[in-house]
Amino acid sequence: MNYISLDLEFNGAFDFERGECIHTNDICRHEIIQIGAVKMNSKKNIQDSFNAYVKPVIYPRLNPFIADVIKMKTEDFSSAGGFEENFAKFREFAGGRDIMFVVWGDSDLPVLYENLSYYNLVSEPLILKYINIQPCVSSLFNKGAGQQISLKHAIEALEIKADENFHNALNDAYYTARIFQTVDTDSVPVKIFCSGHYRNLK
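This is a predicted model, so every value here is computed, not measured.

A. Spatial organisation of the overall build of the protein chain. Per the secondary structure count, the protein chain includes six helices and nine strands. Over its C-alpha trace the protein chain gives a radius of gyration of 17 Å, about what one expects of a compact globule, namely 17 Å for 202 residues. Considered along the principal axes of its C-alpha atoms, the protein chain spans approximately 50 × 35 × 30 Å. Counting over 202 residues, the protein chain shows a buried share of 47%. Pairs at least 24 residues apart make up 71% of the contacts formed inside the protein chain by residues separated by at least 6 positions. Entry remark: accessible area of the protein chain is about 10,900 Å², with carbon and sulfur atoms responsible for 47%. Within the protein chain, one finds 20 positive and 26 negative side-chain charges whose respective centroids are separated by 5 Å.

B. Fine view of the nonpolar core. In terms of nonpolar packing, the biggest core is built from 30 residues, with Leu6, Ile32, Ile35, Phe83, Phe90, Phe101 and Leu112 touching the most fellow members. Sorting the residues of this core by element identifies strand 1 (2-11), strand 4 (31-40), strand 5 (46-53), helix 2 (83-94), strand 6 (99-103), helix 3 (108-118) and strand 7 (127-132) as the ones contributing at least two each. Among the elements that take part in this core, helix 2 stands out by supplying five residues, more than any other. Dropping the residues within four chain positions of it, Leu6 is found in contact with Ile35, Gly36, Ala37, Phe90, Phe101, Val102, Val103, Asp108, Leu109 and Ala173.

C. Seen up close, the packing of aromatic side chains. Summed over all chains, the structure comprises 14 aromatic pairs. Here Tyr3 and Phe180 contribute two aromatic rings whose centre-to-centre distance is 4.9 Å and whose plane-to-plane angle is 65°, an arrangement assigned as edge-to-face. Here the residue Tyr3 occupies a position in strand 1, and Phe180 occupies one in helix 6 (residues 169-182), the gap between them amounting to 177 residues. Phe180 carries the same exposure label as Tyr3, and that label is buried. Members of the aromatic cluster, each reached through a chain of ring pairs, are Phe50, Phe83, Phe87, Phe90, Phe93, Tyr118 and Tyr119. Cation over ring: Lys39 sits above Phe93, and NZ or CZ is 4.8 Å from the ring centre.

D. Up close: the pattern of salt bridges. Scanning all chains against the criterion turns up six salt bridges. A salt bridge links Arg18 to Asp15, with the shortest nitrogen-to-oxygen separation between them at 4.0 Å. Lys161 is the salt-bridge partner of Asp163, the closest N and O atoms lying 3.9 Å from each other. Considered together, Asp163 and Lys161 belong to a single accessibility category, that of exposed residues. One connected set of salt bridges, linked through shared partners, spans Asp15, Arg18 and Glu20.

E. Focus on the environment of Ala173. By the secondary structure assignment, Ala173 is in helix 6. Looking at Ala173, the relative accessible area reads 0%, which means it is buried. In the structure, Ala173 is positioned 136 residues away from Ala37 in sequence and 5.4 Å away in space, judged by C-alpha atoms. Residues contacting Ala173, with those up to four places away along its chain left out, are Ser5, Leu6, Asp7, Gly36, Ala37 and Val38.

So, how was this worked out
Residues numbered from 1 in each chain as written. Predicted model: local features only at pLDDT ≥ 70, side-chain atom pairs only at ≥ 80, totals over all residues. Heavy atoms only, no water. Helix = DSSP H or I, 4+ residues; strand = E, 2+ residues; numbered from the N terminus. Rg over C-alpha atoms; globule rule 2.2 N^0.38 Å. Buried < 20%, exposed > 50% of the residue type's maximum accessible area, 1.4 Å probe, protein only. Contact = heavy atoms within 4.5 Å. Areas by Shrake-Rupley, 256 points an atom, 1.4 Å probe, with all protein chains shown as cover. Lys, Arg positive; Asp, Glu negative; His and termini not counted. Charge placed at Lys NZ, Arg CZ, Asp CG, Glu CD. Core = buried A, V, L, I, M, F, W, Y, C linked by side-chain atoms within 4.5 Å. Phe/Tyr/Trp six-rings, centres within 6.5 Å; stacked < 30°, edge-to-face > 60°. Lys NZ or Arg CZ within 6 Å of the ring centre and 35° of its normal. Salt bridge = Lys/Arg side-chain N within 4 Å of Asp/Glu carboxyl O.

Put into structure tokens, the structure is as follows:
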């Protein structure tokens, strides 16, 4: 089995005249603008990485709040490829069916499903096995129910070296992988994401 640490950055609609976030598209409220992933083998050793910037077309101008967080501008995506092209490359990188995704939080997989649905790339139920390690790490540092530690604070608390900026999909996927290597995840439940729905596998 290979583990794929996955992280996404995404954009959303913004009314630039009124200066506020808005909701304009029921199918895809969050448009993926970067896919970052790190592949590990069954022993959690890092084997490869994947990084792709995606040109936004649903919301072609970056939401200023997003731009501030990721430290990028709309112009930075002008030469990026489209979602369909980049997702095909990601699927090739991820490989076969014997994959366990490793994520930080439960937000990225639904956003991935939104984007796949928007581009009609879901011809059958999307079934992904995954481990969300954020609750496990949060409990290590005595966070209560509903209180989750941030990726940055987890890296600092675990004294993992951080040379690159956070809120970059590739960097965050790498940091998630490093945490996955560092902590005992044997008791973390394996879950299934199936076309927008979650359930525990064990």
